[in-house]
Amino acid sequence: EPEVTQTPSHQVTQMGQEVILRCVPISNHLYFYWYRQILGQKVEFLVSFYNNEISEKSEIFDDQFSVERPDGSNFTLKIRSTKLEDSAMYFCASSDSTPDRTQYFGPGTRLTVL
Amino acid sequence: AQTVTQSQPEMSVQEAETVTLSCTYDTSESDYYLFWYKQPPSRQMILVIRQEAYKQQNATENRFSVNFQKAAKSFSLKISDSQLGDAAMYFCAYSFSGGGADGLTFGKGTHLIIQP
């Protein structure tokens, strides 16, 4: 069964450093998403992406965040200058073009900012 | 803005029994989708079941079923014959069906404990 994959599974970085989180969505899916989950809290939507541009973004997705689909398979989330409060689990998801847009999630990347 | 409320931070059930997890939501839309996701200790988000708001029939997936009350804006999950592998966080989520790439709005989750 096709699945969303994410790398790395765990990333440790120093405050102020840039990080890139990578995702490979399900191959025939057209819509891509990033979410974050701070430990012990609910999952929060960051951004969605369709047709090579941002479709929707939340208030959390400020100028320090960017997304890119650099080739036909990868979907990346870049955090330019990490802060301590960026420590969280980051989930990538993808959906196809059926009306319900059911989102299938990857296993997540745990980001730790020191 | 849409909100999703899960009022039970934690629920406990004996193995093989039935448990119901509650979820309410607030929206001004008439067409939308509702989902339950399971998050085991591995923290992977796994789709359990989905419901289209325009369908009156409650969705069912094996031991999992929902009670969707559109007028009350309620969307509860019933797990029958609970198994140890059902132990996890369960998140209720809402999505507007506007045809775009809408993000999911999640509730805070319910931690389900299965007693052997």
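Going by the structure above, here's the rest.
Residues numbered from 1 in each chain as written. Chains lettered and ligands numbered in written order. Predicted model: local features only at pLDDT ≥ 70, side-chain atom pairs only at ≥ 80, totals over all residues. Heavy atoms only, no water.

J.: Could you give me a rundown of the overall build of chain A, with the residues and numbers involved?
T.: Each helix and strand counted, chain A has zero helices and 11 strands in total. Listing the helices and strands of chain A from first to last along the sequence gives β-β-β-β-β-β-β-β-β-β-β. The C-alpha atoms of chain A give a radius of gyration of 13 Å, which matches the 13 Å a tight globule of 114 residues would have. Taking the principal axes of its C-alpha atoms as reference, chain A extends roughly 40 × 25 × 25 Å. Expressed as a percentage of its 114 residues, the buried residues of chain A come to 46%. Summarising the internal contacts of chain A: among those between residues at least 6 apart in sequence, 54% fall at separations of at least 24. Of the accessible surface of chain A, which amounts to about 5700 Å², a share of 46% is contributed by carbon and sulfur atoms. Charge separation in chain A, taken as the distance between the mean sites of 10 positive and 15 negative side-chain charges, equals 4 Å. (Helix = DSSP H or I, 4+ residues; strand = E, 2+ residues; numbered from the N terminus. Rg over C-alpha atoms; globule rule 2.2 N^0.38 Å. Buried < 20%, exposed > 50% of the residue type's maximum accessible area, 1.4 Å probe, protein only. Contact = heavy atoms within 4.5 Å. Areas by Shrake-Rupley, 256 points an atom, 1.4 Å probe, with all protein chains shown as cover. Lys, Arg positive; Asp, Glu negative; His and termini not counted. Charge placed at Lys NZ, Arg CZ, Asp CG, Glu CD.)

J.: An account of the sheet that holds strand 8 (residues 75-79) of chain A is requested, with residue identities and associated values reported.
T.: Residues and elements named next belong to chain A. As summarised here, the arrangement of the four strands in space is 1-3-8-7, forming an open sheet in which the pairing is antiparallel. Two strands close off the open sheet at either side, each with one partner strand: strand 1 (5-7) and strand 7 (65-68). Direction aside, neighbouring strands of the sheet carry axes that sit 20° apart on average. Here strand 7 runs beside strand 8; their pairing, made up of four bridges, is antiparallel. Looking at the pairing, F65 lines up with I79 of strand 8. (Pairing = 2+ DSSP bridges. Axes fitted to C-alpha atoms, helices over the stretch in contact; angles between N-to-C directions.)

J.: Talk me through the environment of A:I79; I want residue IDs and the actual numbers.
T.: Residue and element names in this part refer to chain A. Of note, I79 is situated in strand 8. On the accessibility criterion, I79 (0% relative accessible area) is buried. Taking C-alpha positions, I79 is 9.8 Å from F61, a pair spaced 18 residues apart along the chain. Residue contacts for I79: discarding those within four places in its chain leaves Q17, E18, V19, Q64, F65, D86, Y90 and L111.

J.: Summarise the interface of chain A and chain B; cite the residues concerned and give the values.
T.: Listed per partner, the contact involves 23 residues of chain A and 20 residues of chain B. Across the chain A-chain B interface, the total number found is zero salt bridges. Inspection of the region where chain A meets chain B yields eight residue pairs in polar contact (both at pLDDT 80 or more). Taken together, the elements giving at least two residues each to the side of chain A that touches chain B come down to strand 4 (31-37), strand 5 (44-50), strand 6 (53-57), strand 9 (88-95) and strand 10 (104-105) of chain A. Here the side of chain A that touches chain B takes four residues from strand 4 of chain A, the largest share from any one element. Split into classes, the residues belonging to the side of chain A that touches chain B amount to 12 nonpolar, six polar and five charged. (Salt bridge = Lys/Arg side-chain N within 4 Å of Asp/Glu carboxyl O. Polar contact = N/O pair within 3.5 Å; in protein donor to acceptor, adjacent residues only side chain to side chain. Nonpolar A, V, L, I, M, F, W, Y, C, P; charged D, E, K, R; others polar.)

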